[in-house]
Amino acid sequence: MIFDRVGIDTSDVLEAAGTKFNFLKYKPGLVGGHCISVDPYYLAHKAEQLGYHPQVILSGRRVNDLMPSFVAGKVVKLMIAKGHRVKNSNVLILGITFKENCPDIRNTKVVNINSELKQYGLKVDIYDPWANKEEVKDEYNIDLIDQIDNDKKYESVIVAVAHGEFISFNFEKYSKEGAVIFDTKSFIDRQFIDGRL
């Protein structure tokens, strides 16, 4: 979020930092699942019982918890900047699982992006070839679409999960049609995107 405010692309910063021998190249994205998004709270709770306030751990959790509203807000701002109306516009989210090439939907932050977008009055379709539709419906009351309707006009496309199947998605088509394309995983070619984490 800091790089976004100063106009520097996060991937460029990571690429430069990666020239240092001891730099670990962690990329931004939505962190779901259990071990990274939930387990640190157990550690923080135990630390506080022992009289220590783990500010770094809790700060990381706060940033992750704010990421869905940040993504939704950024997409809406980009839509407005491109002259799209927001209310009743169509948005396509690619992916709902908590990580790529995996069917696990535990604690996925995509659900929160969906909720935030709907609060803006957007109509959201979510497509995920890895997720079990019935499980998503039971767990989150969300109906995934079976396939992407290439004739449907989307004012925005959000890459939420970097599934291998999405490499061949026709981002160029949607870009040429004026859709806002937002990449949460720095997964697709920069020429097609309007924003990314």
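Quantities reported herein were computed from a predicted structural model and do not represent experimental measurements. (Residues numbered from 1 in each chain as written. Predicted model: local features only at pLDDT ≥ 70, side-chain atom pairs only at ≥ 80, totals over all residues. Heavy atoms only, no water.)

1. Considering the side chain of N90
Working step 1: Topologically, N90 is positioned in strand β1 (residues 90-94).
Working step 2: Within polar-contact distance, the side chain of N90 engages the backbone oxygen of K153 at 3.1 Å.
Working step 3: What N90 contacts, discounting residues up to four positions off in sequence, is K123, K152, K153, Y154, E155 and S156. (Helix = DSSP H or I, 4+ residues; strand = E, 2+ residues; numbered from the N terminus. Polar contact = N/O pair within 3.5 Å; in protein donor to acceptor, adjacent residues only side chain to side chain. Contact = heavy atoms within 4.5 Å.)

2. Observations regarding the sheet that holds strand β4 (residues 180-183)
Working step 1: Taking strand neighbours across the sheet as the criterion, the five strands line up as β2-β1-β3-β4-β5 in an open arrangement whose pairing is parallel. Each edge of the sheet is formed by a strand with only one pairing partner; in this case those strands are β2 (123-127) and β5 (195-196).
Working step 2: Note: β1 against strand β3 (residues 156-159), four bridges, orientation parallel. Along β3, the bridge assignment pairs L92 with V157.
Working step 3: Here helix α5 (residues 110-119) sits on the sheet and contacts β1, β2 and β3; the angle it forms with β1, its principal contact strand, is near 175°. (Pairing = 2+ DSSP bridges. Axes fitted to C-alpha atoms, helices over the stretch in contact; angles between N-to-C directions.)

None of the figures reported here should be taken as evidence of function without further support.
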